[in-house]
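Tertiary structure, described
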Amino acid sequence: MTQEATLPDPLAEVAPPRGRSGGAAWGIWLARRLGLAVLTLWLVSIVVFLATAALGDPVRAILGRDYGTNVARREQLEAQLGIGDSIITRYFDWLGGLLTGDFGTSLANQQPVWGQISSSVVNSLVLVLLSALAMVPLAFGIAMISSHYRRKRPDTVIQTILLALAGVPEFVTGILLVSVFSTTVFKIFPAVTLVAPGGAPWDEPKSMVLPVLTLVIAVTPYVSRIVRATLLEVLDSDYVELARLKGIPEPVVMRKHALLNAIVPGIQVVSLQLAWLAGGVVLVETLFQYPGVGRQLVDSVRNHDVAMVQALSMIIAGVYIVVNLVADVLSILLTPRARTAISS
Amino acid sequence: MNQNSPGHWNISRRQLLRYSGVSAAAIGGSSFLVACGGDDGGGGGGGGGGPQSSGGRLVHGATGGGAKDTLDPHQPVTAADIARCLNLYEPLLIWDNNYELQPALAESVEPSKDAITWTVKMRSGATFHNGAPVTAEDAWLSIRRVADPKAPLSAGGQLSQIIDFQSSKVVDDATLQIVLKTPYAILDSLLAEYTLGIIPGGEFDPSKPVGTAAFAYQSFEAGKTSTFTRFDDYWGESAFLDELVIQDFADDNAKVNALQAGQIQTLDNLPYNLVDTIKGAGAGVLTAEGGQWVPFTMRVDQAPFNDVKVRQAMRLIVDRQAMIDQTLSGYGSLGNDMYAPLDVAYAKDLPQREQDLDQAKSLLASAGVSDLQVELFTGDDIGSVAVPAANLFAEQAKAAGVDVKVTKKTPFYDDDYLSYTFAQDFWNTRNYIPQAVVGTFPPDQGGTYNETHWDNADHRDLVNAAAKEVDETKRASLLHDAQEIEYNEGGYIIWGFRQQVDAYGSTVQGLEPSKYLPLGNYGFRKVSL
């Protein structure tokens, strides 16, 4: 970015050329990215399928000592899993199901998988999105304050706190928050999420506070530290110096010249953190009894419920891929050089 | 005996220990059961005391549960299932807090003199949640569902083998006659399992479960929450609570936090290490004697344990109190190498065995194995007590010059289970006869889990004779002799029995400890807020 330092306002200067060729170029670029995403998802599906198939005979695992004696149940499970077929046939049957929206039938309770996981998926997405909504402004705000007071006392204090928080695992944070806010010290927020039948966790907004707060505390330090580092780099650049020399007020310099240029690495690290959250909320969901995919995945693995594990793994992989795709698109849109490169 | 529902065996077997689950049978108190109505709504439990008031909504935090959760009265697996089961359905008879038989949907269950024909008199005035009266036909069809010889459910393993389905008949709406193929003097105890709830027509409808207990079904989501409302037409004293919610908890800490935050009012299976936390937070802890045990198992047909002196030496090596203090945080009672401590026939008079290293050494010396080395197999899937107990035993054995190598297997319950020379296992609360059959008989005679390969005809004859003996005194005397044989020669080291520890919030009244199942047999009917 520093190469563009001579440009007074990088964003205004190089808007992509409007017109057919530009639009078509964007279309092609997007199609390529989407194609790559689908390809990745397909490769993931092979890995997920092989990994779950390589875990050994699920029927033996489910039946345990009854494997030899309970022939009827064994045959029923084997038919359901298509054990007799070759692994390739089974894979394509499964993939065909996925493509038509059929995630199969749970081995644990013989109910359709999608009906059981759909609400968990929504619950987890809401949790992650709420955390992101709280985390992004907070992380950027802290980074701005910190870089403003660069290497002065407030910056040192903030950096020390962030480093300490980054070093604490999220379940420790969660336990501390629970003991402070719901059990030992104060009794302000619920300690666990109790969902009424047919309801959603956010029916009682208070119960969302601690899980969201735990996730925010878990990811904010990383994002904030990276944004601060980028900001410092930008603030040191010649064009920011020039802007200051031109007499532009410091807040404007910070907002327009520095922050906008520091936002792209920020988006990348936010997306990485979001993707991590999608799969990594297991501990937080368990601690707060939050009805999301993490808890369900643990339960399914315990039950040797192959269909559920496959479906949940694919969904988590899908979220990773979508979040990364969105982050890439945003990064390109916000990076003039890359934008120009595509449309020309 | 004790065949669980297909496909659920591994899970349930492990969970039985913690959840005080399916005990297949037991010797009842009296064979003559006098109708005595419901128990009194006692005022124990929640420190408050004073009169109990109606109304309110209680949320119970149940341990475990997940996608496999079921409301099926005849195949509950987890603690959450059992709690729901006991508050929705009732069997003909039921174990009370002292592990004694009480009438429930039957007013009486009486054997003929030869213990072949049993007459069940149904309670008059009992109705299902849908308003229909409970008849002998419902009871018989429910028993048939559980004891289907082709696919017996968890309480039906033994029943399916002994009931003569052709000769048994429903005499009238209030009378059922059960005819057995062979005399069995403790049939009443088989009918008292909570896994034998009576349902209309013996048919379970998952979308609309109907039972007779003090709470009626309202909603159910596997692995999450289920809700129940008070059943006002209950035949006994109705519940105090308006609504009962049973919430699954996958994590112990979440459960305890929820109790401290006042989100739930009761929880079962409180981890011992959290007892002080709960007490410090002003909540109540309910402790009850129990009959669950985690023995060391020595194969009596293999060296070195085929020599009874070596077995006795091993039994003398254990410091039983230390075992209880260290692996159960003190929440246990002493074992004396005999099981079924809650059975009326438990041989209390045999002297308590204590650690005696000198005698152990001399026994080992006279057996010619002074420098004994053995491998002890253990695993986490036996339960949280197993591995610490194994390590502690290895420590204690050092003092007697025995080198015990502890090998932790994952999973423990694999194809080698029942072949280990020296290992551990867990067992649930049961009375003597069913436990002896399943644990010490040869496999072809019902000993599905005979870890010690114990094969003693004298012992077996005594147990079989007792199972046919209607006279209680004679039965107790036969069982005493059987226990004495095991006390002197058996392959188990039974060092203690685990206590049940549950917790409740400060607003809860009416809970009483029970030897049978957690939280006073999940007796929410007697609880008020």
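This structure is a prediction, so every number in the text was calculated from the model and none was measured.

All right, on to the overall build of chain A then. If you tally the helices and strands in chain A, you get 15 helices and zero strands. Out of the 344 residues in chain A, the part that is buried amounts to 45%. Partitioning the contacts of chain A with sequence separation of at least 6, the portion at a separation of at least 24 is 72%. Roughly 16,800 Å² of accessible area belongs to chain A as shown, and the carbon and sulfur atoms make up 69% of that amount.

Along its length, chain B carries 15 helices and 19 strands. Relative to the compact-globule value of 24 Å for 529 residues, chain B shows a C-alpha radius of gyration of 23 Å, a close match. Its C-alpha atoms put chain B at 70 × 55 × 40 Å along the principal axes. Going through the 529 residues of chain B one by one, you find that 64% of them count as buried. Of the contacts made within chain B by residues no fewer than 6 positions apart, 74% connect residues no fewer than 24 positions apart. Roughly 17,800 Å² of accessible area belongs to chain B as shown, and the carbon and sulfur atoms make up 47% of that amount. Here chain B carries 40 positive and 67 negative side-chain charges, and the mean point of each set is 2 Å from the other.

What follows concerns the domain arrangement of chain A. Residues and elements named next belong to chain A. Domain annotation of chain A identifies domain 1 (25-99) and domain 2 (113-343). Look at where the C-alpha atoms of domain 1 and domain 2 centre, and you get two points 32 Å apart. Listed per partner, the contact involves 19 residues of domain 1 and 18 residues of domain 2. With both sides pooled, the region where domain 1 packs onto domain 2 buries about 1,700 Å², and carbon together with sulfur makes up 83% of that total. At the surface where domain 1 touches domain 2, the tally comes to one salt bridge.

Residue and element names in this part refer to chain A. Taking the numbering used here, the UniProt-annotated feature "transmembrane region" (unreviewed entry) corresponds to residues 34-55, 125-149, 161-188, 208-227, 263-288 and 308-334. Along residues 125-149 one finds 96% helix and 0% strand; the C-alpha atoms at either end are 36 Å apart. Helix and strand shares over residues 161-188 are 75% and 0% respectively, and the end C-alpha atoms of the span are 25 Å apart.

All names here are of chain B. With respect to the helices and strands, Asp96 occurs in the loop between strand 2 (93-95) and strand 3 (101-103). Of the buried charged residues, Asp96 lacks a salt bridge, with Lys515 as the closest side chain of opposite charge at 8.2 Å. At 2.9 Å, the side chain of Asp96 forms a polar contact with the side chain of Gln102.

Rules used throughout
Residues numbered from 1 in each chain as written. Chains lettered and ligands numbered in written order. Predicted model: local features only at pLDDT ≥ 70, side-chain atom pairs only at ≥ 80, totals over all residues. Heavy atoms only, no water. Helix = DSSP H or I, 4+ residues; strand = E, 2+ residues; numbered from the N terminus. Buried < 20%, exposed > 50% of the residue type's maximum accessible area, 1.4 Å probe, protein only. Contact = heavy atoms within 4.5 Å. Areas by Shrake-Rupley, 256 points an atom, 1.4 Å probe, with all protein chains shown as cover. Rg over C-alpha atoms; globule rule 2.2 N^0.38 Å. Lys, Arg positive; Asp, Glu negative; His and termini not counted. Charge placed at Lys NZ, Arg CZ, Asp CG, Glu CD. Domains from an automatic or database assignment. Buried area = accessible area lost by both parts, 1.4 Å probe. Salt bridge = Lys/Arg side-chain N within 4 Å of Asp/Glu carboxyl O. UniProt positions renumbered as here; feature names shortened; annotations may be inferred. Polar contact = N/O pair within 3.5 Å; in protein donor to acceptor, adjacent residues only side chain to side chain.

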